[in-house]
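# Coordinate analysis (summary)
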Amino acid sequence: MESKDFDTYSERKAFDETKEGVKGLVDAHVTEIPRIFRLPQDFLSDKKPSVSSSDPAIPIIDFADVHVSREHIVEKIKDAAGNWGFFQVINHGVPLNVLEEIQEGVRRFFEQDPEVKKAYFTRDAAKTFVYNSNFDLYGSSLCVGWRDSFACYMSPHPPNPEELPVVCRDAMIEHTKHIKSLGVLLFELLSEALGLSSDKLKSMDCMKGFLMICHYYPPCPQPDLTIGTNNHSDNSFLTVLLQDQVGGLQIHHQDHWVDVTPIPGALVINIGDFLQLITNDKFISAEHRVLSNINETRISVASFFSTSMLPNATVYGPIKELLSKENPPKYREFTLEEYTKGYFKKGLDGTSYLSNFKI
Ligand SMILES: O=C(O)CCC(=O)C(=O)O
Ligand SMILES: [Fe+2]
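Residues numbered from 1 in each chain as written. Chains lettered and ligands numbered in written order. Predicted model: local features only at pLDDT ≥ 70, side-chain atom pairs only at ≥ 80, totals over all residues. Heavy atoms only, no water.

Under an unreviewed UniProt entry, the name given to the protein chain is 1-aminocyclopropane-1-carboxylate oxidase homolog 6, and the source organism is Raphanus sativus. One UniProt comment on the protein chain, placed under Cofactor (unreviewed entry), says "Fe cation". Quoted verbatim from the Sequence similarities (unreviewed entry) field of the UniProt record, the comment on the protein chain reads "Belongs to the iron/ascorbate-dependent oxidoreductase family." (UniProt positions renumbered as here; feature names shortened; annotations may be inferred.)

### Some thoughts on the sheet that holds strand 4 (residues 148-155)
The mixed open sheet is built from eight strands, whose spatial order is 1-2-10-7-12-5-4-3. What marks the edges here is a single partner per strand, and that holds for strand 1 (60-62) and strand 3 (130-132). Going from strand to strand, the sheet's axes swing by 20° on average, the running direction of each strand aside. Where strand 1 and strand 2 (residues 86-90) come together, three bridges link them in parallel fashion. From the neighbouring strand, Ile60 faces strand 2, where its bridge partner is Gln88. Where helix 6 (residues 169-193) meets the sheet, its contacts fall on strand 2, strand 4, strand 5 (210-217), strand 7 (238-243), strand 10 (267-271) and strand 12 (298-305), and the angle it forms with strand 12 comes to roughly 55°. (Pairing = 2+ DSSP bridges. Helix = DSSP H or I, 4+ residues; strand = E, 2+ residues; numbered from the N terminus. Axes fitted to C-alpha atoms, helices over the stretch in contact; angles between N-to-C directions. Contact = heavy atoms within 4.5 Å.)

### Overview of the packing of aromatic side chains
Taken as a whole and assessed by the stated rule, the structure comprises 28 aromatic pairs. With 5.0 Å between their ring centres and 70° between their planes, Phe37 and Trp146 make a pair best called edge-to-face. Here Phe37, found in the loop between helix 2 (21-27) and strand 1, pairs with Trp146, found in the loop between strand 3 and strand 4; they are 109 residues apart in sequence, far enough to count as distant. No difference in accessibility class separates Phe37 from Trp146, as the two residues are buried. Chaining the aromatic ring pairs together yields one cluster made of Phe109, Phe110, Tyr120, Phe121, Phe129, Tyr131, Phe150 and Tyr216. Geometry around Trp257 places Arg289 over its ring, the cationic atom sitting 3.9 Å from the centre. (Phe/Tyr/Trp six-rings, centres within 6.5 Å; stacked < 30°, edge-to-face > 60°. Buried < 20%, exposed > 50% of the residue type's maximum accessible area, 1.4 Å probe, protein only. Lys NZ or Arg CZ within 6 Å of the ring centre and 35° of its normal.)

### A look at the side chain of Lys23
Looking at the element boundaries, Lys23 is found in helix 2. Apart from residues lying up to four places away in sequence, Lys23 is in contact with Phe110, Glu111, Lys117, Asp148, Tyr216 and Pro218.

### A closer look at the side chain of Thr340
Here Thr340 is to be found in helix 9 (residues 336-346). Assessed through its relative accessible area of 0%, Thr340 is described here as buried. There is a polar contact of 3.3 Å between the side chain of Thr340 and the backbone oxygen of Ser308. Contact partners of Thr340, with chain neighbours within four places excluded, come to Asn235, Phe274, Ser308 and Met309. (Polar contact = N/O pair within 3.5 Å; in protein donor to acceptor, adjacent residues only side chain to side chain.)

### Digging into the site of ligand 1
Residues in close proximity to ligand 1 include His215, Tyr217, His232, Asp234, Leu241, His288, Val290, Arg298, Ser300, Ala302 and Phe304, which together make up its full environment. Residue His215 places a side-chain N or O atom 2.7 Å away from an oxygen atom belonging to ligand 1. Relative to its unbound accessible surface of 300 Å², ligand 1 loses 94% to contact with the protein. One can see that ligand 1 is located within the largest pocket. Of all elements in the fold, only strand 5, strand 11 (288-290) and strand 12 reach the threshold of two or more residues within the shell around ligand 1. A per-element tally of the shell around ligand 1 places strand 12 first, with four residues. When grouped by side-chain class, the residues that make up the shell around ligand 1 number five nonpolar, four polar and two charged. (Near = heavy atom within 4 Å. Areas by Shrake-Rupley, 256 points an atom, 1.4 Å probe, with all protein chains shown as cover. 1 Å grid on protein atoms, 1.4 Å probe; cavity = no way out; pocket = protein on both sides within 12 Å on 5 of 7 lines; lining within 4 Å. Sits in = over half its atoms within 2 Å of the grid points. Nonpolar A, V, L, I, M, F, W, Y, C, P; charged D, E, K, R; others polar.)

### Here's the deal with the packing of helix 4 (residues 96-110) against helix 6
Between helix 4 and helix 6, the shortest axis-to-axis distance is 9 Å and the interhelical angle comes to 140°. Compared by their axis directions, helix 4 and helix 6 come out oblique. Both helix 4 and helix 6 take part in a crossing whose hand is left-handed. Residue-level contacts link Val98, Leu99, Glu101 and Ile102 of helix 4 to Ala171, Met172, Glu174, His175 and His178 of helix 6. For the contact of helix 4 with helix 6, the class distribution of residues is five nonpolar, two polar and two charged. (Parallel < 35°, antiparallel > 145°, perpendicular 65-115°, else oblique. Left-handed = near helix turned anticlockwise from the far one by under 90°.)

Here you go:
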């Protein structure tokens, strides 16, 4: 091991062992970020979106009339999932107070007494409730992200409520209930957008796993030198993301970084790697990242439809009905577990893990 690598490792380990995450550094009033958080020089030279205001923005789809003009909405979803991999939904039916309550619950968790919070700190992914900073801290990411997170599988085996911190317990359970029912509608519309029967994706168990990851991005004294979340695409079929009004999420679209501008009450939906793979690239899993900022704490709640690391023997591959002589399979078969193990080992290093499954 080179001495540079060794330094990096021991600095990451020392940070990990504080169990206080990035929030701990901010509470200690650091004015310079530790070097493990530093991106290679000039990495963020493209930080500001290079699209002008007249360029198309990420599609916004209104679900208010989904029961009367379904075909119209299916068309919009088809365009968004195929060309962007991202869209925002308004009038989605999840009550505003449910969205506010989970954001407050996440804030309460991260801003509570550090000694109480530390009891939940773990690197053992088998634990029900996992709080730490950067799941890929020891992976090959370009730098450690300026954020803390907690994660919990809410399906297929819902946690015993007592295992969830009391400050966010009810909010997590309520949020899951509503996002799962929105998920049913989304998977139906996505199936229809593929020209398949409404229940196709659901019948393939795309909704079996539900992994909730809540992120806390404290303000950063040197936001131009680091990043909140490194470039990546998601290890899921579909992700439903609730972001607050701070901003910082960007997607890579046609060689540009485009802001996912916060809209009050909206949910951000993105296609994950598994859906790109089983649709044989009809839908795309877009690369995205989160920038840091100097002034404000940012909170987001990502709900991944995926069993991720959980044992799951189901074999997936491109959906047969979508294939033809002209459109042969582009990917080999895989299990979600196999995919996730490799994805986690690689970490968020800005490369796509999908290419490993190309035929
Ligand atoms: O915090 C965000 O807005 C995005 C987080 C994200 O991309 C993820 O958890 O996969
Ligand atoms: Fe993501």
